[in-house]
Amino acid sequence: MVLPAIFFFPFFGMSTVIYFLPSIVALARSKRDLLAIFLLNFFLGWSVIGWIVALVWAAKSDVPAVSRYYR
């Protein structure tokens, strides 16, 4: 029995969204390290540890950048 395409595409699309969830969260939160989070998610997201690290990094709030003024 061949599954109809109507069942295949939602499953494939939803799994892609879940896989790239850390990148989507980082994009929604306008993270400074968006490219680094995306690359970590892209290359190491297949491992559970890489995916969790990327998700935590994306959800963590950015520390304000300190500008130093020297006289």
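Residues numbered from 1 in each chain as written. Predicted model: local features only at pLDDT ≥ 70, side-chain atom pairs only at ≥ 80, totals over all residues. Heavy atoms only, no water.

Draft legend 1. A look at a nonpolar patch on the surface. A contiguous nonpolar surface patch, about 760 Å² in accessible area, is contributed by Leu35, Phe38, Leu39, Phe42, Phe43, Leu44 and Trp46. For phenylalanine 42, the position within the fold is in helix α3 (residues 34-44). Given a relative accessible area of 41%, phenylalanine 42 falls into the partly exposed group. (Patch = residues over 30% accessible without salt bridge, like charges linked within 9 Å, V, L, I, M, F, W, Y side chains within 5 Å. Areas by Shrake-Rupley, 256 points an atom, 1.4 Å probe, with all protein chains shown as cover. Salt bridge = Lys/Arg side-chain N within 4 Å of Asp/Glu carboxyl O. Helix = DSSP H or I, 4+ residues; strand = E, 2+ residues; numbered from the N terminus. Buried < 20%, exposed > 50% of the residue type's maximum accessible area, 1.4 Å probe, protein only.)

Draft legend 2. Inspection of helix α4 (residues 48-59) at higher detail. Spanning 12 residues, α4 covers 16 Å between terminal C-alpha atoms, matching the ideal 16 Å at 1.5 Å per step. Buried within α4 are the following residues: Gly50, Ala54 and Ala58. Around the axis of α4, the buried residues are gathered within 65 degrees of arc, so they sit on the same side. Set apart from the buried face of α4 by more than 90 degrees, the exposed residues are Val48, Ile49 and Val56. On its buried side, α4 packs onto α2 (21-28) and α3. (Expected span 1.5 Å × (residues − 1). Arc of directions from axis to C-beta. Contact = heavy atoms within 4.5 Å.)

Draft legend 3. Examining the pattern of salt bridges more closely. If you walk through the whole model with that rule in mind, you get 2 salt bridges. With its nearest N and O atoms 3.0 Å apart, the salt bridge here joins aspartate 62 to lysine 31. With aspartate 62 in the segment after α4 and lysine 31 in the loop between α2 and α3, this pair connects stretches of sequence that are 31 residues apart. The class for lysine 31 is buried, based on a relative accessible area of 9%. The closest approach of N and O atoms between aspartate 62 and arginine 32, which form a salt bridge, is 4.0 Å. One end of the pair, aspartate 62, is in the segment after α4; the other, arginine 32, is in the loop between α2 and α3, and 30 residues separate them in sequence. The partly exposed category is assigned to aspartate 62, whose relative accessible area is 32%. Among the charged side chains, a salt-bridge network with shared partners connects Lys31, Arg32 and Asp62.

Draft legend 4. Spatial organisation of the side chain of lysine 31. A distance of 2.3 Å separates a polar atom in the side chain of lysine 31 from the backbone oxygen of lysine 60. Sequence-distant contacts of lysine 31, that is, excluding residues within four places in its chain, are made with Ala26, Ile37, Trp57, Ala58, Lys60, Ser61 and Asp62. (Polar contact = N/O pair within 3.5 Å; in protein donor to acceptor, adjacent residues only side chain to side chain.)

Shape descriptors only; they carry no functional weight alone.
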